[in-house]
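# Understanding the architecture of this molecule
As a plain string of letters, each chain reads:
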Amino acid sequence: KQFPSKIILNILTVLCALAVANLYYDQVLIVHIIKYFNVSTSQGGSLITNIQIGYTLGLLLIVPLGDRFNRKTLIVTSLVSSAIFFSAMAFSPNFFIMKVFGLFMGFSTVSAQLVIPFVSSNSNTPNKGKLTSKLLFGVFLGVLIGRVISGLLGQYLDWQMIHLIISFILLIGAIFTVVILPRDS
């Protein structure tokens, strides 16, 4: 049986987009977050910085583990952890705690960078470059949709509700990953 099928590749592309979008939702929602916690603009910017620092550390420390450990397990763990930390951010009692959860959310948001090598190494099709380019399209799309989605939803919902919705979507993505991905070879 061919892996990935077109539908699985499309689902994984969307999953990559949603995972990367985690890093960008709060860049638009930061105005609401600043007001909620009554912090300065520069303090608000430190949340975005923490998320990006966490992401960088995740790229350095988690992604290389895909060469030693089961990538499917790492992908699911990344998605579930991101959902947990995103939800925790929504329930943060103060801005400092939110920044800490933001750091961990960024750290755990590496599933897209695990999906791409997973598909490449487990694919039984000769055109791996085409598969990789489609998944990278999802990564780049995530940068855009994170800002657009949070901007649109931010007009109608508070930032906490957006965090909870995104957490729920990430958990659904984790379930899909468990069901649709084969064992890592």
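Relevant structure appears above.
Definitions and limits used
Residues numbered from 1 in each chain as written. Predicted model: local features only at pLDDT ≥ 70, side-chain atom pairs only at ≥ 80, totals over all residues. Heavy atoms only, no water. Helix = DSSP H or I, 4+ residues; strand = E, 2+ residues; numbered from the N terminus. Rg over C-alpha atoms; globule rule 2.2 N^0.38 Å. Buried < 20%, exposed > 50% of the residue type's maximum accessible area, 1.4 Å probe, protein only. Contact = heavy atoms within 4.5 Å. Areas by Shrake-Rupley, 256 points an atom, 1.4 Å probe, with all protein chains shown as cover. Lys, Arg positive; Asp, Glu negative; His and termini not counted. Charge placed at Lys NZ, Arg CZ, Asp CG, Glu CD. Phe/Tyr/Trp six-rings, centres within 6.5 Å; stacked < 30°, edge-to-face > 60°. Axes fitted to C-alpha atoms, helices over the stretch in contact; angles between N-to-C directions. Parallel < 35°, antiparallel > 145°, perpendicular 65-115°, else oblique. Left-handed = near helix turned anticlockwise from the far one by under 90°. Nonpolar A, V, L, I, M, F, W, Y, C, P; charged D, E, K, R; others polar. Core = buried A, V, L, I, M, F, W, Y, C linked by side-chain atoms within 4.5 Å. Salt bridge = Lys/Arg side-chain N within 4 Å of Asp/Glu carboxyl O.

### Considerations on the overall build of the protein chain
Within the protein chain one finds eight helices and zero strands. Shown N-terminal to C-terminal, the secondary structure of the protein chain runs as helices and strands in the order α-α-α-α-α-α-α-α. Here the protein chain has a C-alpha radius of gyration of 16 Å; the compact-globule value for 185 residues is 16 Å, and the two agree. In terms of its C-alpha atoms, the protein chain occupies a principal-axis envelope of roughly 55 × 30 × 25 Å. Looking at the protein chain as a whole, 49% of its 185 residues are labelled buried. Sequence separation of at least 24 residues holds for 84% of the intrachain contacts in the protein chain that already meet a minimum separation of 6. Surface accessibility of the protein chain: about 9,200 Å² in total, with carbon and sulfur atoms responsible for 70%. Where the 12 positive side-chain charges of the protein chain centre and where its 4 negative ones centre are 10 Å apart.

### Quick word on unusual backbone geometry
Here Asn38, not a glycine, exhibits a phi torsion of approximately 55 degrees, which is positive. Mapped onto the fold, Asn38 is located in the loop between helix H2 (25-37) and helix H3 (41-61). On the basis of relative accessibility, which here comes to 70%, the residue Asn38 falls in the exposed class.

### Describing the packing of aromatic side chains
Evaluation of the coordinates by the stated rule reveals eight aromatic pairs. Seen in terms of ring centroids, Tyr25 and Phe86 are 5.9 Å apart; in terms of plane orientation they differ by 85 degrees. Their pairing is edge-to-face. You can see Tyr25 sitting in helix H2 and its partner Phe86 sitting in helix H4 (residues 71-90), a full 61 residues away along the chain. Its relative accessible area of 0% is what places Phe86 among the buried residues. The interplanar angle of 25 degrees and the centroid separation of 5.5 Å between the aromatic rings of Phe85 and Phe104 together place this pair among those described as stacked. Here Phe85, found in helix H4, pairs with Phe104, found in helix H5 (residues 95-108); they are 19 residues apart in sequence, far enough to count as distant. A connected cluster of aromatic rings, assembled from ring pairs, spans Tyr36, Phe37, Phe95 and Trp159.

### Side note on the packing of H4 against helix H6 (residues 111-122)
It is the contact of H4 with H6, at a shortest axis distance of 9 Å, that shows an interaxial angle of 155 degrees. The angle between H4 and H6 places the two elements in the roughly antiparallel class. Two packed elements cross with a definite hand, and for H4 against H6 that hand is left-handed. Residues Arg71, Lys72, Leu74, Ile75, Ser78 and Leu79 of H4 touch H6, and the partners they reach there are Ser111, Leu114, Val115, Pro117, Phe118 and Ser121. A per-class count over the contact of H4 with H6 returns seven nonpolar, three polar and two charged.

### Overview of the nonpolar core
Core analysis: the largest hydrophobic core is formed by 50 residues, its most contacted members being Leu12, Ile33, Leu47, Val115, Val119 and Leu135. Secondary-structure elements contributing two or more residues to this core are helix H1 (6-21), H2, H3, H4, H5, H6, helix H7 (128-154) and helix H8 (159-180). In terms of residue count, the dominant contributor to this core is H1 (eight residues). In this structure, Ile33 is in contact with Asp26, Leu47, Phe95, Met98 and Trp159, ignoring residues within four places of it in sequence.

### Describing the pattern of salt bridges
Taken as a whole and assessed by the stated rule, the structure comprises two salt bridges. Put simply, Arg71 and Asp67 hold a salt bridge, and the shortest N to O gap is 3.8 Å. With relative accessibility at 10%, the residue Arg71 sits in the buried group. A salt bridge links Arg71 to Asp184; the shortest N-O distance between them is 3.7 Å. Pair noted here: Arg71 is in helix H4 and Asp184 is in the segment after H8, with a separation of 113 residues, a long-range link. The class of Asp184 is buried, set by a relative accessible area of 18%. Through salt bridges with shared partners, a single ionic network connects Asp67, Arg71 and Asp184.

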